[in-house]
Amino acid sequence: SVQLMKIQGQGLIVYYEPRSSPIKNKVRIVVGVKVSKKAVGRNRIRRQIKEIIRHYEKHGNFLAGGLRVVALPQILGGKFSEIKLDLVGVLNKIK
C-alpha cells in the first residue's frame, strides 16, 4: 500500500506520494459537485488548476508521485491569482 501525504491550502487539498527522485507526475484534479453544481464552474476551476500545475512543472519537477488536487467549496469565486498563490504555496511545501 502506498502512503499518501496530505497538505491543505485555503481552497484545496493536495495528496501526494513522497519520492526521493524527481519524476513526471500524473496529476488528478477533483472538483466535486459540492464546489459548484454547474459543470461550467467545476470545469473552469479544473482548467485553472491544470494551468497552474503546467506552469509550475515547466520550472522543474518536484519530488512527488501521483499528485491529487481536491478543490474545496471555498475556492469558488476566487481569482486566478488567489488560486495560484494558494496552490503554488502548497506545491512549494512538497519540494
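Residues numbered from 1 in each chain as written. Predicted model: local features only at pLDDT ≥ 70, side-chain atom pairs only at ≥ 80, totals over all residues. Heavy atoms only, no water.

(A) Molecular detail of the packing of helix H1 (residues 39-58) against helix H2 (residues 80-94). Packing of H1 against H2 brings their axes to within 10 Å, and their N-to-C directions diverge by 50 degrees. One element, H1, and the other, H2, form an angle in the oblique class. Seen from above, H1 lies across H2 with right-handed handedness. Across from Gln48, Ile49, Glu51, Ile52, Ile53, His55 and Tyr56 in H1, the residues of H2 making contact are Phe80, Ile83, Lys84, Leu87, Val88, Leu91 and Asn92. When the residues that make up the contact of H1 with H2 are grouped by side-chain class, the tally is nine nonpolar, three polar and two charged. (Axes fitted to C-alpha atoms, helices over the stretch in contact; angles between N-to-C directions. Helix = DSSP H or I, 4+ residues; strand = E, 2+ residues; numbered from the N terminus. Parallel < 35°, antiparallel > 145°, perpendicular 65-115°, else oblique. Left-handed = near helix turned anticlockwise from the far one by under 90°. Contact = heavy atoms within 4.5 Å. Nonpolar A, V, L, I, M, F, W, Y, C, P; charged D, E, K, R; others polar.)

(B) Layout of H2. End to end, H2 covers 21 Å across 15 residues, agreeing with the expected 21 Å (1.5 Å per residue, within 8%). Here H2 has its buried residues at Ile83, Asp86, Leu87, Val90, Leu91 and Ile94. Buried residues of H2, seen end-on, are gathered within an arc of 125 degrees and therefore sit on one face of the element. Exposed residues lying more than 90 degrees from the buried face of H2 are Leu85 and Lys93. (Expected span 1.5 Å × (residues − 1). Buried < 20%, exposed > 50% of the residue type's maximum accessible area, 1.4 Å probe, protein only. Arc of directions from axis to C-beta.)

(C) Summary view of the environment of valine 27. Residue placement: valine 27 occurs in strand S3 (residues 27-30). With a relative accessible area of 29%, valine 27 lands in the partly exposed category. Every residue in contact with valine 27, bar those within four places of it in the chain, is listed here: Ile53 and Leu67.

(D) Representation of the side chain of arginine 42 in the model. Structurally, arginine 42 is set in helix H1. A distance of 2.9 Å separates a polar side-chain atom of arginine 42 from the backbone oxygen of lysine 37. Apart from residues lying up to four places away in sequence, arginine 42 is in contact with Val31, Gly32, Val33, Ser36 and Lys37. (Polar contact = N/O pair within 3.5 Å; in protein donor to acceptor, adjacent residues only side chain to side chain.)

(E) Broad picture of the packing of aromatic side chains. Applying the stated criterion across every chain, the model contains zero aromatic pairs. Just above the ring of tyrosine 15 sits the side chain of arginine 68; from NZ or CZ to the centre is 4.8 Å. (Phe/Tyr/Trp six-rings, centres within 6.5 Å; stacked < 30°, edge-to-face > 60°. Lys NZ or Arg CZ within 6 Å of the ring centre and 35° of its normal.)

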